[in-house]
Amino acid sequence: MTEEGEQPTAVPESTNGFPVVSFLEIEGRVLSGEEFEEYCKDHGLCRRCANVRTHRRVIKLFGRGKKWEPMTLHDEETGEYSVYKGYCLKPNCYTLGQAKRLTGEAGTKDSRDKRRKKLKMKMLRKSDKNRPERRKTRADPETGSIMSTMDDDMSIMSDLSGISSASGRSSRSSRSGLSGIASTFRKKKKRRGSGFSLTDSVSSFTDFSDDDTIDTTQTPMPLKPVVPGEVNPIISQRLEQLVKHDYFAVLDMTKVELRPEDVEAIAAALGQTKTLDTIVLNKCRLRDDGLIKIAQSLEKANHTNIRSFSCRQNRIGNKGVTALSFLFSKSETLETLDLSENSISSKGAANILSSFSSNPKPVLSNLNLSQNEIWDMDDGSFLRSNTTLKIFNLDGNFMHDEGAEQIANAIAANKQSVIEKLYLGWNGISDDGAIALARMMEANETLQVLGLAENDISNTGARAILSALAINTSVREISGLYHNQIDRKFIIVAIKRLLHRYGERTGQAPPAEEAAEEGETSEHSVNWAQQIYSDERHFDEKEEEQDQGPSIALEAIEHWDWGTFGIEEIEASRSPQSAIMPDVAPSPEPEPAAAEVVEPAEEKPEEVAPNLPIDRLTVFQSTPLAYFDRKTSEHLAIPIFDFKYEADAIEDALADPEVLGGAIQLNVENVTAGRFKVSFLQGTSPIMHFSGNGHEGCVALENGFGYMQALPTSDLKRFVKNGEGKVKAVVIHTCHAKSMADAFIEAGVPHVVCCQRDNTFRDEGPIEFAQAFYRALASRKTLQQAFNEGVEMVKRSSNVKVTGNIADQYRLLPEKPADDPYHNVEIFYQRPMPKLSTPPEIYSPPLPELPEQFVGREVDMYEVLESLRVDDVVRVGGAPGCGKASVISAVSRYILERPKSFKIDSVYWLPAPQGAEGEGDEMYEDLCYLIEMTINAEDQIWEEPEFAQRRDRVTAALSEMRSILVIDGRMFTTEASGENLEMLLTHLLNEVSMKIVLLTAMEASKSSKTKTSRQEETMVNIGPLDLKSSALLFGSMSEVISRSGNPIVHTPEEFADCIVPPSISKTVLLDEKKAESNRSNKLYEILGSGNPTEIIRLAANFTEIDLRNLLRFAKRPEIQVDSGAALEEEILKYTTLKKKAVDGKNYARAYDFTDAIEELEGLRRKFPNVDDLAKKEAEYKEKFKKYLKMKKYNEANAIKRKILELKKTALREKHAKAEDAKNAAAMTNGDSNGKKNFYEIEKLFSQLHLDKQITELDVSGTLSDNSGEATLKIPRMGGFCNLNITMGSVFDLAYEDGTSGIVYWTNECCDMAVDDAGKKILESGGESFQTAMQSLDVQATTDWGPVKCPTGEAVGIGPLAFSNLEASFVFLAVGPLSPSNDDTEWDHSDLNAIQILETEIRASYRSSLQLIAQTGVDDVGVPTLTSNPTGNAYERTLWVGLKTIVEEAKSTELRSIDLCTSSHQEANLLLKMALGLGLTV
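Residues numbered from 1 in each chain as written. Predicted model: local features only at pLDDT ≥ 70, side-chain atom pairs only at ≥ 80, totals over all residues. Heavy atoms only, no water.

**Concerning the overall build of the protein**
Thinking step 1. When you go through the protein residue by residue, the secondary structure sums to 49 helices and 41 strands.
Thinking step 2. The long-range share in the protein, meaning contacts at least 24 apart out of those at least 6 apart in sequence, stands at 76%.
Thinking step 3. Surface accessibility of the protein: about 65500 Å² in total, with carbon and sulfur atoms responsible for 49%. (Helix = DSSP H or I, 4+ residues; strand = E, 2+ residues; numbered from the N terminus. Contact = heavy atoms within 4.5 Å. Areas by Shrake-Rupley, 256 points an atom, 1.4 Å probe, with all protein chains shown as cover.)

Spelled out as structure tokens, the structure:
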């Protein structure tokens, strides 16, 4: 869209003496073809002159009709029309008579009835889907523009002859790429020694004399009538000339019916000519038998020097093209082959391609097989090896996704391919095919034109194509995108804009070197990405814009696997500047007002004491909403963090200047590349705080419109260098803090504080650190001192959950020895504080309050934002309770926080939110009044005086601003209110510059996203939350989760981890190739099926008993299998685990495995064996042949897809069996690890936050080799808890005073007689202990025995006097591992099982310590619970246990915890882990 006040320039082109507009220039861009048509359509302009508005924008509240209605403009004084019912009456557009005829008003009743009847018959033919007619091209495959079918009566010679006319191609033929053949009229031209175009092939011909001189006149000769049984006279004369004159090289029989006798004559003549190089047999009603005779004659005469062969629009099938195989396999001259509009099937196409593949010296460059019956090509070998084909046309076939994937994969694999134009329109290609083509574009460097008209590509496929353009630099045009199922128009706009920009740089502009030589200004020297914006901006806005070009380096894009960028970022990445921009000094331009440096006294706030120093802290918060994942071809969410909570916490820490000894102004901004650059350049504060998401290899910012923008290290270096050291330190709070910190250090920032945060809504650790850190800096402490105080606060705080090695989570870089004074520097109050320009205040009436927890809507927000950028009206629908209003409220706030990006002055929510006041805003009061009148209207109120007066005032006020109206359409329930609202919004939309968001109660159905839908506005459907977001919202809104003290979950994040296993944590649904799990589906239903309103309602009524039952159900294994072999393997695994659980007397756990086995047994019917699959495939093949013979192509296509799916299933089954056999052989040969992969194990540990460096710490001399003991301090508020790591048994512990206890790991039925330790406790406790044991409650009864303490829980007995124990309490705890620590194996490839293991170990330790804290015990001994030291989960189990003990000890009054190990080696390993957690010896 153009900026306000800017008019597009219509560029006329002369055609037949009349100037018409063929393209439009807007903001330096030239729109033509379908872009021109879409622009005129979207702006209501005349599609001929593009200057007169012929249609009026309207809004239909309930989606009735179209969004544009034709206008009629009539001058009452002169009686003349300037626009009549949508037709412009400007000269060279339409006349009034033409307009009336086009609207059906002119002509007699008979002529009108005739036209209606003709139109009705045309529509009936279109709707006849059962008739197996050949699909006709409706759009130009070069431009995608709708074109009428050209009259072939004037076409007598094609480009296949290779002969150019005197005038060249006409404008229409030059655009046509359907067949690669210009089928337009050619002027007659005489050529010596070569063929040339003939005049009309039916009515006239040219006579040639016997000599070599060609007469300049062409005298038509009378033709004899065609006599049955005799050769057509036209054919006789042409064959005579072909044989008689050696300068005839073309045999052209276009539109001449070839009967058997004619074919015989042609075959005879071919044996006599020696100069033939072009054959044109178009529209000759030629059948297979005729073509076979001609082919045999060609082969017999050895005519392998044919340069062009065209046999278009005949009745040729597989037999006919097979007869031409000799020509395809032997000819070293055949460059162009046109067999379009025939009946060639896949078999015939495969024969053609295989023949060319066998040609030792092929030169084929143009192959047209469009409008045939081809399902797929060969096996891809032709396109994988061909090095000559430049144009390949397959429009109008039945390729579908499978064929498109085959073609794309072959071209991508061919590094020597020279393909330039590929047409695949009218082929039923959907997203899978588009994704394959996108991947091909990423690998190919020659393709220039891709035709995709009239397919079934949706937003997903279009986004994949947009993503591919971040890498591909050769494609100039992708036609036909508007004629697909892409309802997100902004994606097409982005693709077209990008292609235009690149074509403008590479196609129309001279190379930079040439321009430099000529002394001209090359476009390469201009930051062309900023041409799309207005230059009327503030300096810092221009700085941001200028940085968009080099901010994305192409080499960086190629190494990112997490997605791609928005259109601005892609444009910048393809700019040559991004690769060649050198580091330059700051521009010598005058310092902008925004960066004016003044004395601190001029900026002192009145409330600060005059003797206190002042400085500033800039907090940059990066809040991108989504990124495009190239692997899934979907936009994926970037979780929103609670940045307001963080900013408020920092502000609270700096709130008391008197105590701190200085005043620190807090400047919070949303960060883009431009603002980042300005901050370094101007040094707005000596320290920069950066919060947000991160990624390895780049600094992750936002582009200002909700998309992730990546800043490569090279650009960061330039920013820092140009800043000349004004920024002394950077504090990073991101998910990939270390990699980003390294980038800042490499760029030259002197000091960087690295704070690794979790990918959660609110991470208390970095926030607690920041409060203590900035408080210390503001108190004039050095950077090193402030860092130490921040780390100490993290160690002491009970709010901070230990997730890893503290030394790795919090770092001060560059790392220096402890006695190095490098970081002993003060940061604040070291120089005058630059003055910042005050941003203009943006007034916006109150918006609905956001819910306390707003999760899982990032992608929805991004889609609404992108829709608003390209459309004036956006409808937002969804099921009741899905949170439509919350999403739009969040979007409104996002827009208002970024006025420089969106350029929106106000957002008005109507009707006004409950309790909202207008605050003296007369315009808003008028708006609210108009809406209230509209809601209560019982009839039309448009002309009522009060309504009209307020409407005019509102129109005048809105005309001076850019605003968004959010209308809750659900409030307009009557027909009268709806009609009045439509009139009001239509009026405002046509009179002022504004956008409208319309909340509706309807959901966007599939039909609303197709091109046949009557509703034309952009529709964004707010769907249900995924399982992960549902669990987070449920956990946040349920008080019982945070207050119940349940040992399994303490936070919403822990609850979500229990509900959502790692295998499905990033998806809404399970892998379609795998059987769905009853567990996830059931949990999704229990939590409200993704409906936020229902989730909140259920969470509010959730009880502790409900939580226990839900978590018990969540322990069930997640079942996902994709083959019969995998199914059998899973059944065997869980059967073994069940037996082990029963033998270990863990009966509740055995029931969980029983449920899993029953679910697996129910899946047997979904996985037939290979033999059954083969029988089913044979049945489908018979049906497939039957439907092909009947020409029921839709049914045949459906059967074909089923056959392919069966083949895939059979391959999976065979592969799974082969893997099982391989693993069995490995086990037999002594490889106990079988198919386990060490790399996957290490990768898994990284995903589960296991710090790999914990075992590499140097702790020599810390652990006593004699005693095997070490004491560490666990900091907590008000003191410490001693953690004693000791080698030995809890029975050996002795305490001098106070109450003590021990933890004993047991089984679920609390049978202590299964091992020596339990027997010892039983003997020591005597009869009283036996009585206490018998009195334990039975929580469940099973077929195998009672369950007194389920896994993950603990029970306590005491105080009692034990004869041989110092302890007075015994705490029985049940973990997921054997109490004897003899579990040797754990399948690390099972991510779900690993998560359950971690959760239950944490719960068992946590429940024990919670119970200990309730009894008032001072000292406790806890034996480690691990797998066998030789097992592959040993270190993992140690780590989880230690981390839980440290976390829980912070919230208890325990004096000491003795952690008893089984060996000196284990004690040493635990000590290393403890030091990694920041504990001190």
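The rest of the description comes next.
**Some thoughts on the packing of aromatic side chains**
Aromatic rings in a pair are described by how distant their centres are and how their planes are angled relative to each other.
Thinking step 1. Summed over all chains, the structure comprises 23 aromatic pairs.
Thinking step 2. An angle of 70° between the planes, with centres 5.8 Å apart, marks the rings of F769 and F787 as edge-to-face. Taken together, the residues F769 in helix α26 (residues 764–778) and F787 in helix α27 (residues 783–796) connect sequence positions 18 residues apart.
Thinking step 3. Classification of F769 as buried rests on a relative accessible area of 0%.
Thinking step 4. Residue class for F787 comes out buried when judged on its relative accessible area of 9%.
Thinking step 5. Grouping aromatic residues by their ring pairs yields a cluster made of F769, F773, Y774, F787 and Y810.
Thinking step 6. Stacked on the ring of Y894, the Lys or Arg R898 has its end atom at 3.5 Å from the ring centre.
Thinking step 7. Stacked on the ring of F1280, the Lys or Arg K1273 has its end atom at 5.6 Å from the ring centre. (Phe/Tyr/Trp six-rings, centres within 6.5 Å; stacked < 30°, edge-to-face > 60°. Buried < 20%, exposed > 50% of the residue type's maximum accessible area, 1.4 Å probe, protein only. Lys NZ or Arg CZ within 6 Å of the ring centre and 35° of its normal.)

**A closer look at the confidence of the model for the protein**
Thinking step 1. Looking at the protein as a whole, its pLDDT mean stands at 75, while 73% of the residues score no less than 70.
Thinking step 2. When the criterion is pLDDT under 50, residues 127–222 qualifies, and its contacts beyond four places in sequence or with other chains add up to 201 contacts.
Thinking step 3. Contacts from residues 1227–1262, a stretch scored under 50 in pLDDT, to residues over four places away or in other chains number 49 contacts. (pLDDT = per-residue confidence, 0-100.)

**Points about the side chain of S331**
Thinking step 1. Looking at where S331 falls in the secondary structure, it is placed in the loop between α9 (325–330) and β12 (336–338).
Thinking step 2. Judged by relative accessible area, S331 falls into the buried class, the value being 2%.
Thinking step 3. What S331 contacts, discounting residues up to four positions off in sequence, is T304, I306, F326, N359 and K361.

**Observations concerning the pairing of strand β39 (residues 1369–1373)**
Thinking step 1. Within β39, 5 of the 5 residues are buried, which leaves it mostly tucked inside the rest of the structure.
Thinking step 2. The two faces of β39 match: F1369, F1371 and A1373 on one face and V1370 and L1372 on the other face are all buried.
Thinking step 3. Bridge count for strand β38 (residues 1354–1357) against β39 is 4 bridges, and the pairing is antiparallel. Among the inter-strand pairings, I1357 is bridged to a residue of β39, identified as V1370. (Pairing = 2+ DSSP bridges.)

**So, the sheet that holds strand β15 (residues 421–423)**
Thinking step 1. Spatially, β9-β10-β11-β12-β13-β14-β15-β16-β17 is the arrangement adopted by the 9 strands of the open sheet, whose pairing is parallel. What marks the edges here is a single partner per strand, and that holds for β9 (250–252) and β17 (477–479). Taken pair by pair, the neighbouring strands of this sheet meet at an average axis angle of 5°, ignoring direction.
Thinking step 2. Examined bridge by bridge, β9 and strand β10 (residues 278–280) share 3 bridges and lie parallel to one another. (Axes fitted to C-alpha atoms, helices over the stretch in contact; angles between N-to-C directions.)

**What about the sheet that holds strand β34 (residues 1279–1287)?**
Thinking step 1. Pairing in this open sheet of 7 strands is mixed, and the strands run β33-β34-β41-β40-β35-β39-β38 from one edge to the other. Across the chains shown, the open sheet's two edge strands, defined by having one partner strand only, are β33 (1269–1276) and β38. Neighbour to neighbour, the strand axes of the sheet diverge by 20° on average, direction disregarded.
Thinking step 2. In the packing of helix α48 (residues 1434–1449) onto the sheet, contacts are made with β33, β34 and β41 (1456–1461), and the angle to β41 comes to roughly 170°.

**Things to note about empty space enclosed by the protein**
Thinking step 1. A complete count under the given rule lists 15 cavities of 30 Å³ or more for this structure.
Thinking step 2. Here the largest cavity defines a volume of roughly 180 Å³.
Thinking step 3. If you trace the largest cavity, you find 17 residues lining it, with C1058, R1079, A1114, K1115 and I1396 closest to the centre.
Thinking step 4. Those elements that provide at least two residues to the lining of the largest cavity are α37 (1052–1059), α40 (1104–1114) and α47 (1391–1415).
Thinking step 5. Ranked by the residues each element gives to the lining of the largest cavity, the list is headed by α47, at 5 residues. (1 Å grid on protein atoms, 1.4 Å probe; cavity = no way out; pocket = protein on both sides within 12 Å on 5 of 7 lines; lining within 4 Å. Points joined across faces, edges and corners; volume = space filled by probe spheres on them.)

**A few points about the pairing of strand β40 (residues 1419–1423)**
Thinking step 1. The buried fraction of β40 is high, at 5 of 5 residues.
Thinking step 2. Pairing geometry for strand β35 (residues 1300–1305) and β40, over 3 bridges, is parallel. Across the sheet, residue G1301 finds its bridge partner in β40, namely V1420.
Thinking step 3. Judged from the 5 bridges that link them, β40 and β41 form a sheet pairing that is parallel. What sits directly across from V1422, in β41, is L1459.

**Quick notes on the packing of helix α35 (residues 1027–1037) against helix α39 (residues 1092–1100)**
Thinking step 1. Packing of α35 against α39 brings their axes to within 8 Å, and their N-to-C directions diverge by 40°. Our classification of the angle between α35 and α39 gives oblique. Judged by the sense of rotation from one axis to the other, the crossing of α35 with α39 is right-handed. Counting all contacts with α35, which are made through S1030, L1033, F1034 and M1037, the residues of α39 involved are P1092, I1095, I1096, L1098 and A1099.
Thinking step 2. Grouping the amino acids of the contact of α35 with α39 by side-chain chemistry returns 8 nonpolar, 1 polar and no charged. (Parallel < 35°, antiparallel > 145°, perpendicular 65-115°, else oblique. Left-handed = near helix turned anticlockwise from the far one by under 90°. Nonpolar A, V, L, I, M, F, W, Y, C, P; charged D, E, K, R; others polar.)

**Thoughts on a positive patch on the surface**
Thinking step 1. A cluster of basic residues, K1183, K1186, K1192 and K1202, forms a positive patch on the protein surface.
Thinking step 2. Mapped onto the secondary structure, K1202 falls in helix α44 (residues 1193–1228). (Patch = residues over 30% accessible without salt bridge, like charges linked within 9 Å, V, L, I, M, F, W, Y side chains within 5 Å. Salt bridge = Lys/Arg side-chain N within 4 Å of Asp/Glu carboxyl O. Lys, Arg positive; Asp, Glu negative; His and termini not counted. Charge placed at Lys NZ, Arg CZ, Asp CG, Glu CD.)

**Quick word on a negative patch on the surface**
Thinking step 1. There is a patch of like negative charges on the surface, built from E938, D939, E944, E975 and E979.
Thinking step 2. Along the polypeptide, D939 turns up in the loop between α32 (922–936) and α33 (945–958).
Thinking step 3. With a relative accessible area of 56%, D939 lands in the exposed category.

**Focus: helix α13 (residues 431–443)**
Thinking step 1. Taking 1.5 Å of rise per residue, the 13 residues of α13 would be expected to cover 18 Å, and the 19 Å separating its terminal C-alpha atoms lies within 8% of that figure.
Thinking step 2. Among the residues making up α13, those that are buried are D431, G433, A434, I435, A436, L437, A438, M440 and M441.
Thinking step 3. On the buried face of α13, the contacting elements are α12 (400–413), β15, β16 (449–451), α14 (459–468) and β17. (Expected span 1.5 Å × (residues − 1).)

**What to know about the environment of V1481**
Thinking step 1. Structurally, V1481 can be placed in the segment after α49 (1464–1476).
Thinking step 2. Taking the C-alpha atoms as reference, V1481 lies 6.3 Å from K1273; in sequence the two are 208 residues apart.

**Focus on the pattern of salt bridges**
Thinking step 1. Enumeration according to the criterion identifies 40 salt bridges in this entry.
Thinking step 2. Measuring nitrogen to oxygen at the nearest pair gives 3.6 Å for the salt bridge that ties E69 to R56. Remark: R56 occurs in strand β4 (residues 55–57) and E69 occurs in strand β5 (residues 68–70); sequence separation between them is 13 residues.
Thinking step 3. Classification of R56 as partly exposed rests on a relative accessible area of 35%.
Thinking step 4. Within this structure, D926, E946, R950 and R953 form a network of salt bridges that share partners.

**Side note on the packing of helix α29 (residues 858–870) against helix α30 (residues 884–896)**
Thinking step 1. Between α29 and α30, whose axes approach to 10 Å, the crossing angle comes to 60°. Classified by the interaxial angle, the pair formed by α29 and α30 is oblique. Crossing hand, α29 versus α30: right-handed. Listed contacts from α30 to D860, M861, V864, L865 and L868 of α29 are V887, I888, A890, V891, Y894 and I895.

**Points about the nonpolar core**
Thinking step 1. In this structure, L286, F309, M377, F392, L422 and I478 are the most contacted members of the largest nonpolar core, which totals 123 residues.
Thinking step 2. Setting aside chain neighbours within four positions, we find M377 in contact with A349, L353, L369, F392, L394, M399, Q406 and I407.
Thinking step 3. Grouped together as the second largest cluster of nonpolar side chains are 43 residues, F1369, V1420, V1446 and L1477 included. (Core = buried A, V, L, I, M, F, W, Y, C linked by side-chain atoms within 4.5 Å.)

**Section: unusual backbone geometry**
Thinking step 1. Cis geometry marks the peptide bond from L813 to P814; its omega dihedral reads -5°.
Thinking step 2. Secondary-structure assignment places P814 in the loop between β27 (810–813) and α29.
Thinking step 3. The omega angle of the peptide bond from L910 to P911 is -10°, so this bond is cis rather than trans.
Thinking step 4. Along the chain, the position of P911 falls in the loop between β29 (906–910) and α32.
Thinking step 5. With phi around 65°, Y829 is a residue other than glycine that occupies positive phi space.
Thinking step 6. Considering the arrangement of structural elements, one finds Y829 in the loop between β27 and α29.
Thinking step 7. Since its relative accessible area comes to 13%, Y829 is described here as buried.
Thinking step 8. Even without being a glycine, S1089 presents a positive backbone phi close to 55°.
Thinking step 9. Inspection of the secondary structure assignment puts S1089 in the loop between α38 (1078–1086) and α39.
Thinking step 10. Relative accessible area serves as the criterion here: at 37%, S1089 is assigned to the partly exposed category.

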